[in-house]
Structure formats: C-alpha cells, structure tokens
Amino acid sequence: MSVQSPIKNQKSKIALYLPLIKSSQTGLLLATGIAGYLSAGTRIGLLTLLGMSFSLFLAISGSTIMNMWYDRDIDAKMKRTHKRSAASGELNQREVFWVGMIISVLGIGWALLIAPLFGLVVFAGWFFDVVVYTLWLKRRTAWSIVWGGISGAMPILAGRVLATGHIDLVGILLALAILFWIPTHTLTFSIKFREDYSNAGIPTFPSTYGDTFTRATIAISSALAALAIGWASVLIGISAGYLRLIAVLTAGLLLLAFATFRVQSEQINFGLFKYASLYMLSSMIILATKAF
Amino acid sequence: MKMTALDRVLLLLTGLLAAYQIVVGIDQLSTAPIIAYTIAFGVLLVAGLLLIILGFDVLDSPVVVIVSTIIPLALSLGLVWEHLASYRILYLIFTISGFLAVSLTRAIPMKNRERVSTITIAVVHGIAGMTIFLLPIILSAQGVMKSAFALVGIGGAIIGIGGLLLSFLKAGKPILSKNTILKVLPGLLLLMATCFVAGFKFG
C-alpha cells in the first residue's frame, strides 16, 4: 500500500480544484472588470487595481465553484463535463460547497471593503449567477442565459463603478455589450453540444426554438453587442485609430454572425464562438488604452 | 492541410501589423485614404484571424476570391487618392465597378462563367496590383516620396503573387501545388504586411 505525502496530497487537491474555476472564462471576465476600471481614464491607483482584481477573481471563482457544485449531477451526464472533479466524485461535495462559499464571501467582502457600491455590483453578479441562473432558472427555461448574461456583465460595470464612483451611461453600455455578447458565445456552444445538453435535460435555445431562431438570435445579439461597444467607445473618447480598429473587428463579428445565420455550418459556428471571445478580449484591451 | 504553430504565429504577427497600421499608421492622412486603407488592412486583419481560428479550410470558401479582391482594390484606391489627385474619381469608379464585376461574375449563373470570371479577376487584380507595385516605386524614384516608400510597391508585388497563386488555385489551374501555396502563404502575408507598414512609416 502506498502512502502519499501531505504535500503531494495538497498538490493533487489543488489540481482538482483548478478546473472548477474555469480559468479562461474567469480570466476573460476579470479582463472586462479591469477594462471597465481603466476605461474611466482616471488616475490608476495600483493598490486599488490590485484589490479590485483579486476581489473580482475570488468572487467570480467562488460563483463558478458554486455553479459546479450545484450542477454536478447534470455535468456527470454530459460528455463534455463528466470528468470535472465535482461531477466525477473525486472531490468531497461538502468540501466543494464550503470552498466555493468561503472564496465567494472573501471576494465579495473584500469588494465591499474597497467601496460599498463596487461591492454591491460584485455581489449582484454573484447573486444573478448562483441564485437566479444556476439554482433557479437553468433547468427550467432556455431564457436563463439572459440572467447568466446579466451576471457576466457585472464585472465590467463593477470596474467602471469603482473608477467613477457611480453608475453612468458608459458603464451601462459596457454591461449591455457583455450581456449581448454572451449569447453569441453560449448559443454557439449550445448548438455545438446540443446532444450533451439534451442528455442532461437542460433546455436550450436550439432544443426549444430550433436552429434558425437560435442563429437569428446570435446574429441580432452580436449586432447589439457591437452597437453598445461602439457607442461606449465614442462616449469614452477612444482615439480615432482605435475606433477604426473596433469598427474593423466589429465588421468581422457581424459578418461571421450573419454567415452563421445563412450557412448552417458547424465550422462557421465554431469560428464565431472563437472569434467572439477574441473580439471581446480585443475590445477590452482597446477600452483599457484610455488609461494610458 | 493542417496549420502548424509557426503558421499561426506568422498570421498573428500579420494581424498585429495590420492592426498597428489601422490604429496609428494612417492617422495623418485625409478621410478617403483613411477609409480605403482601413478597409484594406481591416480585411487583412480579419482574414488573418479567421485563418488562425478556422485553419486553411476557410480558403475553400467561394467568398475568398471576392474578399481577396478587396485588399488590392482598397490599397490602390488609397494610393491613387493620395498621390494622383486628377485620377481620383476615375479610379473610384474603377474600384467600385471592379469589385461589383468580380462579385457578380462569381455569383450570377451565366454562359462561360468560369472564363468570364477568371478574365474579370485577372483584369481587376492586374490593374490594382500594378498600381500598388508601380506607383510607390515611381514616386520614390522621382523623389516625391522617400526611398523607403518603395517598400509599399514591394508589398504590392508580394500581394500580387499571393493573389495570383490563390486565384489560379481557386480557378482549378494551380501554378504551384495546393500544399506548397499553403506552406508559403502565412510567410508571404507577413512579409507583405511588413513591407506595407515599413513603407508607410518610413516613406
């Protein structure tokens, strides 16, 4: 019988927990928060920026772990997710719950200490994701993604609020941009993995309304996301050069979105999924240039 | 053919150069060339990103011929607008009608479509390509622009080679094998973008 050292045990446990925070998704949401903060063009407080980043990281990670904890039964039924450590039973469920809760409380608490309004927006994001989206609506209606989208829009609003001290039109537009971008991301995903979602009994747009309606929704929401990003960029006062770059990237997004609508191809669908992430990351970097 | 990591790096660098050109490389120009160059480098940027995301399979799309026409047309329009003021309107008409001709001869069913389409592409690419190739070199030689501006012409020659290779491949009469073309394409695109950016910056 082999006995593992405590350090090795801890390392393997960390390795099991790391996938639970969905590093790419958390990283992208964190990038939106930082971009929201920098978009205000105010003096950058390094400590504030670090505090904001860590509190957001913890709150987003905490909500993602809570999501994984609650959805472990449906994750276990899906090919794409059945190996996740919460779904596969490699981790103790009680422990996962408490780790998720403690990280969430640390993140939201830290955010409230930095600035109450910032903390409130961070808490709203957590609440919409964990309670409204995951616990309440995900298994009931395909429209749950709207609430998932609202939750995903909170980090950028939080970042903006922290810099400006209030909720302004630019903050709302940036949040709307994320809200409308998220269907481009999630609906293309639900088309690609439709069997998985069907096996798990999760209502999705493709299974509820069919492919044509889903693809039309993707195209329209992409256009609305692009409109919101463009409008916000103008109000922020991004330079003409960066506005041109946003226009070019937006044109690519719209072309792909409408191509997805017209040509029902798995390849284009996947291309849109990838491009949409790249588009959002690029837009965030461009918005952040306002600070420099 | 599967895209290698090196191909992706080359395409990413091409995209970054195109983005740089859009953001800072054309700021000092007047509105019309800015629009023309933004379209040209924008198509290059988005095409590079799509190649990275979707791989070389994306080149099988019938839209490629039309899209690959936009880059030389828009670039040459920008150059003519900037440096040959008396030909502006004439060249604008050629650009619009050339683009429409390439698009329509690919889209509308007609007798001898392949032949008509190939001739149209050859004429449109030929005029636009020669403009991008010759105009900067002539302007540099005459001393109107700095000698580095000739790099734009070299970029034009490279885009011409790339365009010809792709067009003849799409027309079913490849000059080089598909594998060879795909092997050199990312490098050609990066070299072309480098020549354009350096030519505009130092010329």
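Above: the structure in question.
Values in this document were obtained by computation on a predicted structure and should not be read as measured data. (Residues numbered from 1 in each chain as written. Chains lettered and ligands numbered in written order. Predicted model: local features only at pLDDT ≥ 70, side-chain atom pairs only at ≥ 80, totals over all residues. Heavy atoms only, no water.)

A.B. asks: Help me get a handle on the overall build of chain B, residues and values and all.
C.D. replies: The number of helices and strands found in chain B is seven helices and zero strands. The order of helices and strands in chain B, counted from the N terminus, is α-α-α-α-α-α-α. For chain B, whose C-alpha radius of gyration is 16 Å, the value lies close to the compact-globule estimate of 17 Å for 203 residues. Taken along the three principal axes of its C-alpha coordinates, chain B extends 45 × 45 × 25 Å. Counting only residues that meet the buried cut, chain B has 50% of its 203 residues in that class. Of the contacts formed within chain B by residues at least 6 apart in sequence, a portion of 70% connects residues at least 24 apart. When the accessible area of chain B is evaluated, it comes to approximately 9,500 Å², of which 74% is carbon and sulfur surface. Positive and negative side-chain charges in chain B, numbering 13 and 6 respectively, have mean positions lying 7 Å apart. (Helix = DSSP H or I, 4+ residues; strand = E, 2+ residues; numbered from the N terminus. Rg over C-alpha atoms; globule rule 2.2 N^0.38 Å. Buried < 20%, exposed > 50% of the residue type's maximum accessible area, 1.4 Å probe, protein only. Contact = heavy atoms within 4.5 Å. Areas by Shrake-Rupley, 256 points an atom, 1.4 Å probe, with all protein chains shown as cover. Lys, Arg positive; Asp, Glu negative; His and termini not counted. Charge placed at Lys NZ, Arg CZ, Asp CG, Glu CD.)

A.B. asks: How would you sum up the interface of chain B and chain A? Please name residues and give values.
C.D. replies: The partner chain A presents 13 residues to the 16 residues of chain B that form the contact. Contact with chain A buries surface across chain B, with Val 23, Ile 53 and Leu 54 of chain B losing the most and accounting together for 40% of the total. At the boundary of chain B with chain A, the tally comes to one salt bridge. Across the salt bridge formed by Arg 244 of chain A and Asp 27 of chain B, the nearest N and O atoms sit 2.8 Å from each other. For the pair chain B and chain A, the number of links is three residue pairs in polar contact (both at pLDDT 80 or more). A per-element tally of the side of chain B that touches chain A places helix 2 (residues 31–54) of chain B first, with nine residues. For the side of chain B that touches chain A, the per-class residue count stands at twelve nonpolar, two polar and two charged. (Buried area = accessible area lost by both parts, 1.4 Å probe. Salt bridge = Lys/Arg side-chain N within 4 Å of Asp/Glu carboxyl O. Polar contact = N/O pair within 3.5 Å; in protein donor to acceptor, adjacent residues only side chain to side chain. Nonpolar A, V, L, I, M, F, W, Y, C, P; charged D, E, K, R; others polar.)

A.B. asks: Explain the environment of Met 280 of chain A to me, using residue names and the numbers behind them.
C.D. replies: All names here are of chain A. Structurally, Met 280 is set in helix 14 (residues 266–288). Here the alpha-carbon distance between Met 280 and Ile 182, two residues 98 residues apart in the chain, equals 9.8 Å. Ignoring any residue separated from it by four or fewer positions in sequence, one finds Met 280 in contact with Ala 177, Ile 178 and Trp 181.

A.B. asks: Any chance you could break down the packing of aromatic side chains for me, citing the residues and the numbers?
C.D. replies: Residue and element names in this part refer to chain A. Counted under the stated rule, the structure contains 21 aromatic pairs over all chains. Pairwise contacts between aromatic rings join Phe 123, Trp 126, Phe 127, Phe 128 and Trp 147 into one cluster. Taking NZ or CZ as reference, Arg 80 lies 5.1 Å from the ring centre of Phe 193, over its face. (Phe/Tyr/Trp six-rings, centres within 6.5 Å; stacked < 30°, edge-to-face > 60°. Lys NZ or Arg CZ within 6 Å of the ring centre and 35° of its normal.)

A.B. asks: Tell me about a nonpolar patch on the surface, and please be specific about residues and values.
C.D. replies: Residue and element names in this part refer to chain B. On the surface, Ile 96, Leu 100, Leu 104, Ile 108, Met 110 and Val 116 cluster together to form a nonpolar patch covering roughly 480 Å² of accessible area. Considering every element that reaches the nonpolar patch, the biggest residue donor is helix 4 (residues 88–107), with three residues. Mapped onto the elements of the fold, Ile 108 is located in the loop between helix 4 and helix 5 (113–142). Ile 108 gets classed as partly exposed once you look at its relative accessible area, which sits at 40%. (Patch = residues over 30% accessible without salt bridge, like charges linked within 9 Å, V, L, I, M, F, W, Y side chains within 5 Å.)

A.B. asks: Could you give me a rundown of helix 12 (residues 211–236) of chain A, with the residues and numbers involved?
C.D. replies: Between its first and last C-alpha atoms helix 12 of chain A spans 37 Å; for 26 residues at 1.5 Å apiece the expected length is 38 Å, and the two agree. Gly 237 of chain A, located one to two residues past helix 12 of chain A, shows a positive phi value of around 90°. (Expected span 1.5 Å × (residues − 1).)

A.B. asks: Provide a residue-level description of unusual backbone geometry, including the pertinent values.
C.D. replies: Even without glycine at this site, Lys 22 of chain A takes up a positive phi of about 45°. Following the sequence through the fold, Lys 22 of chain A ends up in the loop between helix 1 (6–17) and helix 2 (23–38). On the basis of relative accessible area, Lys 22 of chain A is assigned to the partly exposed category, the value being 27%. For Asn 112 of chain B, which is not glycine, the phi torsion reads 55° and is therefore positive.

A.B. asks: If you had to explain the nonpolar core to someone new, which residues and values would you point to?
C.D. replies: Grouped together as the largest cluster of nonpolar side chains are 134 residues, with contacts concentrated most on Phe 118 and Tyr 275 of chain A together with Phe 41, Leu 45, Leu 75 and Phe 200 of chain B. In terms of residue count, helix 2 of chain B provides more of this core than any other element does, 15 residues in total. With near-sequence residues (within four places) excluded, Tyr 275 of chain A lies in contact with Val 248, Leu 249, Gly 252, Leu 253 and Leu 256 of chain A together with Val 46, Leu 49, Leu 50 and Ile 53 of chain B. Ranked by size, the runner-up nonpolar core spans ten residues in total, among them Leu 58, Met 68, Ala 86 and Leu 91 of chain A. (Core = buried A, V, L, I, M, F, W, Y, C linked by side-chain atoms within 4.5 Å.)

A.B. asks: How would you explain the pattern of salt bridges if you had to name every residue and give the values?
C.D. replies: Residue and element names in this part refer to chain A. Counted according to the given criterion, the structure contains ten salt bridges over all chains. Residue Asp 71 pairs with Arg 139 through a salt bridge whose shortest N-O separation is 3.1 Å. With Asp 71 in the loop between helix 3 (46–70) and helix 4 (72–77) and Arg 139 in the loop between helix 7 (116–137) and helix 8 (144–164), the pair connects residues that are 68 residues apart, well separated along the chain. The class of Asp 71 is buried, set by a relative accessible area of 0%. Put simply, Arg 139 and Asp 73 hold a salt bridge, and the shortest N to O gap is 2.8 Å.

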